[in-house]
Amino acid sequence: STIACALVATKKGIAVVHVEAGLRSGDRGMPEEINRVLTDQISDLLFTTEADGATNLMREGIAADRIHFVGNVMIDTLLANRERAVPAGETLGGIAGFAGDPAGFGVLTLHRPSNVDDPVVLRRLLEVLAQLSERLPLVFPIHPRTRGRIADAGLSPVLAASRIALTDPLGYLQLLGLMAKARIVLTDSGGLQEETTALGIPCVTLRENTERPITVEQGTNTIVGTDPAKIRACFDDVMASGGKSGRVPELWDGQAAERIADTLLAWAGSRAEAA
């Protein structure tokens, strides 16, 4: 939807502003990566979430005066809603068959085609995650597409024999409440990589790369891919030591939207004067 709207606006002479510009995984096999690159090329203003975003954009020929480092609007949302999050206990109490544990719980999400469309990869992931759940129960809000792929691959018994508790997709406030109290989050979601860094929760990313490297360099995120040995090793470290401590990146302070608004007002004013 982002690239489609950006193309239509550009062809109709409407200015395009891209929030979260400059994110790059380096993997052109991801549809999102192509969409990001193309959207950035036709945007009039580009707002980045981290300082390195400007480096990516200028390397692709985008003028520096179009780029503004403003911070992360997703963290604005998280900080604004953290006090409103649904308590983890309330959500867990509504999950049929969830096995509580004094050691706590983890949160799991899987939805990327590279993980769920290949039955071999999906089996490898589910089997190691099922093993980990014997040590720490995992809550798995499952995407309908992922649920279908698991059924098609005949892998439902793997989950049924584990301590992985499936739920329907959760609302934002429910998931936020769970993440804030989880011992660990295992995911292939880019957004959860950012949110766990802001919350200080260890994140194990089940991908070979990330478009949010700052969560690895400064935050609580570790990239492990789909290698069972790497997944187990990272899980073991989190269970033993609490994992990476990390820190909240620069300008992830809940004020990104205000900086965007200030920049837009100044930009619109200069365009009006020029006209």
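A brief structural summary.

A few points about the packing of helix α7 (residues 119-133) against helix α13 (residues 228-241)
(1) Moving on: The contact between α7 and α13 brings their axes to 10 Å, and the two run at 25 degrees. In terms of their interaxial angle, α7 and α13 are classed as roughly parallel. Handedness of the α7/α13 crossing: right-handed. The segment α7 lies against α13, with R124, L125, V128, Q131 and L132 engaging P228, I231, R232 and F235.
(2) Moving on: For the contact of α7 with α13, the per-class residue count stands at six nonpolar, one polar and two charged.

Quick look at the sheet that holds strand β6 (residues 164-167)
(1) Moving on: Sheet architecture is open: six strands sit in the order β6-β5-β4-β7-β8-β9, paired in parallel fashion. Both outer strands of the open sheet, β6 and β9 (221-223), are each paired with one neighbouring strand and no more. Across the sheet, the axes of successive neighbouring strands diverge by a mean angle of 20 degrees, strand direction being ignored.
(2) Moving on: With four bridges connecting them, strand β5 (residues 138-141) and β6 associate as parallel partners. Opposite V139, over in β6, you have A165 as the bridge partner.

Observations concerning the sheet that holds strand β3 (residues 67-69)
(1) Moving on: Read across the open sheet, the three strands follow the order β1-β2-β3; overall the sheet is parallel. Pairing within the sheet leaves two strands with one partner each, and these edge strands are β1 (17-21) and β3. Averaged over all pairs of adjacent strands, the angle between their axes in this sheet comes to 25 degrees, without regard to strand direction.
(2) Moving on: In this sheet, β3 lies alongside strand β2 (residues 45-48) in parallel orientation, the contact comprising three bridges. Of the residues in β3, the one forming a bridge with L46 is I67.

Thoughts on the nonpolar core
(1) Moving on: Counting residues in each nonpolar core, the largest one holds 30 residues, and the members touching the most others are L110, L129, L186 and L206.
(2) Moving on: Mapped by element, the contributors of at least two residues to this core are α7, β5, α9 (156-160), β7 (184-187) and α13.
(3) Moving on: Looking at this core, the element that brings in the most residues is α7, giving eight residues.
(4) Moving on: In this view, L206 contacts L108, L110, N115, L125, L129, L186, T187, D188, V224, G225, T226 and I231; residues no more than four positions away in its chain are not counted.
(5) Moving on: Counting 23 residues, the second-largest nonpolar core is a separate cluster that includes V139, L178, A182 and L199.

Quick look at the pairing of β1
(1) Moving on: Across four bridges, β1 lies against β2 in parallel orientation. Within β2, the residue paired with V19 across the bridge is F47.
(2) Moving on: Where the polypeptide runs from β1 across helix α2 (residues 31-41) and back to β2, its parallel neighbour, the crossover connection is right-handed.

A closer look at the layout of surface pockets
(1) Moving on: There is about 640 Å³ of room inside the largest pocket.
(2) Moving on: H111, R112, S189, G190 and G191 are, among the 32 residues lining the largest pocket, the residues nearest its centre.
(3) Moving on: Estimates place the volume of the second largest pocket at around 300 Å³.
(4) Moving on: Taken together, 14 residues make up the lining of the second largest pocket; nearest its centre are D27, M30, R112, S114 and N115.
(5) Moving on: For the lining of the second largest pocket, the elements supplying multiple residues, two or more each, are α2 and α6 (113-116).
(6) Moving on: In terms of residue count, the dominant contributor to the lining of the second largest pocket is α6 (three residues).
(7) Moving on: A class-by-class count of the residues in the lining of the second largest pocket yields four nonpolar, five polar and five charged.

About the thresholds
- Residues numbered from 1 in each chain as written.
- Predicted model: local features only at pLDDT ≥ 70, side-chain atom pairs only at ≥ 80, totals over all residues.
- Heavy atoms only, no water.
- Axes fitted to C-alpha atoms, helices over the stretch in contact; angles between N-to-C directions.
- Helix = DSSP H or I, 4+ residues; strand = E, 2+ residues; numbered from the N terminus.
- Parallel < 35°, antiparallel > 145°, perpendicular 65-115°, else oblique.
- Left-handed = near helix turned anticlockwise from the far one by under 90°.
- Contact = heavy atoms within 4.5 Å.
- Nonpolar A, V, L, I, M, F, W, Y, C, P; charged D, E, K, R; others polar.
- Pairing = 2+ DSSP bridges.
- Core = buried A, V, L, I, M, F, W, Y, C linked by side-chain atoms within 4.5 Å.
- Buried < 20%, exposed > 50% of the residue type's maximum accessible area, 1.4 Å probe, protein only.
- Right-handed = clockwise from strand over helix to strand, strands pointing away.
- 1 Å grid on protein atoms, 1.4 Å probe; cavity = no way out; pocket = protein on both sides within 12 Å on 5 of 7 lines; lining within 4 Å.
- Points joined across faces, edges and corners; volume = space filled by probe spheres on them.

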